[in-house]
Amino acid sequence: MSEEQRPVEDWASDFDIFDPDYVKDPGPVWDELRSKCPIAHTERWGGAWMATRYDDLRELVRMVPELSSRSPVVVPLPPQMREEAIAEMKMYGTENPPITADPPEHKPYKQLILPFFTPTAVEGYRQFTENLAHELIDRIIDKGEGDAAEDYAQQIPPRVIAQMLGIDPGRGAEFTEWTRGVLEIGQTDPEARRKYRTIIRDFFAELITQRRAEPADDMISRLIAAEVEGKPLNDHTISGICFLLLVAGIDTTWSSIGSSLWHFAGHAEDRRRLAAEPELFPTAIEEMLRFYAPVMMARKVTAPVEIGDKALCPGDKMILNFPAGNRDPEVFDRPDEVVLDRERNRHVAFGLGIHRCAGSNLARMEMDVALRVWFERIPEFELSDPDAVTWAGGQVRGPRSVPVRFSVS
Amino acid sequence: MKIRVIEDNCQGHNRCKAIAPDLFDLDEIGNASAANDGVVPPGQEEMARLAVENCPEFAIEIIEE
Ligand code: HEM
Ligand code: SF4
């Protein structure tokens, strides 16, 4: 892939979402693109457009069905895997509904999963999340140092979603490995993508067979019993939904918790303020979501459309850069500053329109618990080695290692 | 003051309910509607405005100031 990794000279016509400096701090590139070329283009990584202005994003999410969700990944599958995926789709229908489904297919699947993720439903997992957060802190607190990403942020989302789905939270580390395999490493390594995709599919196929024989009180059993348009779901579709619910909430939420802890470790003033004024948690969490929004999504163009001064053609890919929209000066005051008590915050970290993140209430609950427990137990902390911090980028951006030290009285 | 949720725009982000719990009801999939026929009790006008300005779908309208 060395060809793809040449240095970028012109971001407007040759952007690279994996450029290491961009992954570390994309803000300056977004500002430049928004003002000079809000719909940028690249031939790298399979070729794509990328939208960075808030209003353009709002317009693009409404261009349905011209912009299709059947391939929402920002880096397309290699040709052979794409053909396999198309063949499977012909046999069983959309792969991971609702995220890969377009109207009218999308709505019944979305409505099927939303009741599991309402604010009231996710509150049922707060105590589990809180106990988990305390256990994780117990393991590092006496050492005076730890990795806020690896030892903490990364450990929470896989176990919470496992608990919800009805699979063993004890296997959290494996679920994280699988998710990174398809979503992070798999972006630039097709073999890893294939390998982990098969592992996840096989895992759920076996589980569905078990639950069909012996239903339990869990989400998988309820999906087995459910009907869409009067028909029960086939096993391939159920495992596709479970696949989505497993991977969609892991990298993403872990990135948000990790970015927040990275921010507070490196910005002592904000950290002291939040520790002293816990009533700021609700606006502070929304501000973390705005400023460090981890997720970009993509659409496949299926009919000619225009956006700004650009004409999109069938077959093109369009990357929806929600994180860039969150720093649009047309919409946000002081967009490049973290303002913990920002009261007007219409950020789009969870996307917009019909594909709005189904797990947003869950992600917010997990962030709330993770940050409150950390601040309660470790109010004073700082980066122990700023150069050792690493970031992953692409579809999901967030810190992968955040070494911190702390003294606890 | 009176408010209303534009049903076709609401995607259930739940920002309104989190900010102004008394002014909104959520249905079983998490989409919002204005509580109390949209009538905002005196003293909650500022909360109503904040809900409007935090809804990412621009789905809440003030229909009477
Ligand atoms: C901070 C954490 C998270 C962020 C930033 C995030 C972001 C997003 C975004 C931007 C979308 C829109 C997709 C599109 O437009 O194509 C999305 C969709 C989705 N997310 Fe999340 N997500 C997060 C956590 C979660 C969690 C915890 C779950 C739980 C399983 C989840 C499940 C989903 C599902 C099922 C969809 C598809 C919805 C649809 O297509 O209608 N996400 N997410
Ligand atoms: S904030 Fe807007 S989109 Fe979200 S539930 Fe309320 S009205 Fe609906």
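Residues numbered from 1 in each chain as written. Chains lettered and ligands numbered in written order. Predicted model: local features only at pLDDT ≥ 70, side-chain atom pairs only at ≥ 80, totals over all residues. Heavy atoms only, no water.

Q: Describe the sheet that holds strand β7 (residues 297–301) of chain A, naming the residues involved and giving the relevant values.
A: In a beta sheet, neighbouring strands are held together by backbone hydrogen bonds and run either parallel or antiparallel to one another. All names here are of chain A. With mixed pairing, the 5 strands of this open sheet are ordered in space as β1-β2-β10-β7-β3. A single partner strand is all that each edge strand has here, and the edge strands are β1 (39–42) and β3 (67–68). Strand direction decides the pairing type here: strand β2 (residues 48–51) and strand β10 (residues 317–320), joined by 3 bridges, are parallel. Bridging across to β10, W49 finds its partner in M318. On top of the sheet, helix α4 (residues 54–61) reaches β1, β2, β3 and β10; it is set at about 125 degrees to β10, its chief contact. (Pairing = 2+ DSSP bridges. Helix = DSSP H or I, 4+ residues; strand = E, 2+ residues; numbered from the N terminus. Contact = heavy atoms within 4.5 Å. Axes fitted to C-alpha atoms, helices over the stretch in contact; angles between N-to-C directions.)

Q: Which residues make up the pairing of β7 of chain A, and what are the values?
A: Residues and elements named next belong to chain A. Most of β7 sits out of view: 5 of its 5 residues are buried. Side chains M297, R299 and V301 of β7 all project onto a buried face; the interleaved residues A298 and K300 project onto the opposite face, where all are buried too. Sheet analysis places β3 next to β7, joined by 2 bridges and oriented antiparallel. Across the sheet, S68 pairs through a bridge with K300, a residue of β7. Across 4 bridges, β7 lies against β10 in antiparallel orientation. Across the sheet, M297 pairs through a bridge with L320, a residue of β10. (Buried < 20%, exposed > 50% of the residue type's maximum accessible area, 1.4 Å probe, protein only.)

Q: I'd love a proper account of the layout of surface pockets, names of residues and values included.
A: It is a probe the size of a water molecule, rolled over the atoms, that shows where empty space is left. In this structure, the second largest pocket encloses a volume near 590 Å³. As for the second largest pocket, its lining consists of 24 residues, of which P282, E286 and R364 of chain A together with R15 and A18 of chain B are closest to the centre. For the lining of the second largest pocket, the elements supplying multiple residues, two or more each, are α7 (119–123), α17 (281–291) and α19 (360–377) of chain A together with α1 (15–19) and α2 (45–54) of chain B. Here the lining of the second largest pocket is built from residues that sort into 9 nonpolar, 6 polar and 9 charged. (1 Å grid on protein atoms, 1.4 Å probe; cavity = no way out; pocket = protein on both sides within 12 Å on 5 of 7 lines; lining within 4 Å. Points joined across faces, edges and corners; volume = space filled by probe spheres on them. Nonpolar A, V, L, I, M, F, W, Y, C, P; charged D, E, K, R; others polar.)

Q: Account for the packing of aromatic side chains, naming residues and giving values.
A: All names here are of chain A. Here the structure, examined in full by the defined rule, presents 17 aromatic pairs over all chains. Centre to centre, the rings of F375 and F381 are 5.8 Å apart; their planes meet at 85 degrees, and the pair counts as edge-to-face. For the pair F375 and F381, one class covers both residues: buried. Connected via pairs of aromatic rings, a cluster forms that spans Y152, F264, F281, W374, F375, F381 and F406. Sitting over the ring of W254, R400 keeps its end group 4.1 Å from the ring centre. (Phe/Tyr/Trp six-rings, centres within 6.5 Å; stacked < 30°, edge-to-face > 60°. Lys NZ or Arg CZ within 6 Å of the ring centre and 35° of its normal.)

Q: Could you give an account of the interface of chain B and chain A, with specific residues and numbers?
A: In this assembly, 18 residues from chain B lie in contact with 22 residues from chain A. Counting the surface lost from both chain B and chain A, the interface buries some 1800 Å², and carbon and sulfur atoms represent 46% of this. In this assembly, chain B and chain A are joined by 4 salt bridges. Between R344 of chain A and E53 of chain B there is a salt bridge whose closest N-O contact spans 2.8 Å. For the pair chain B and chain A, the number of links is 11 residue pairs in polar contact (both at pLDDT 80 or more). Ranked by the residues each element gives to the side of chain B that touches chain A, the list is headed by α2 of chain B, at 5 residues. Classifying every residue of the side of chain B that touches chain A by side-chain character gives 7 nonpolar, 6 polar and 5 charged. (Buried area = accessible area lost by both parts, 1.4 Å probe. Salt bridge = Lys/Arg side-chain N within 4 Å of Asp/Glu carboxyl O. Polar contact = N/O pair within 3.5 Å; in protein donor to acceptor, adjacent residues only side chain to side chain.)

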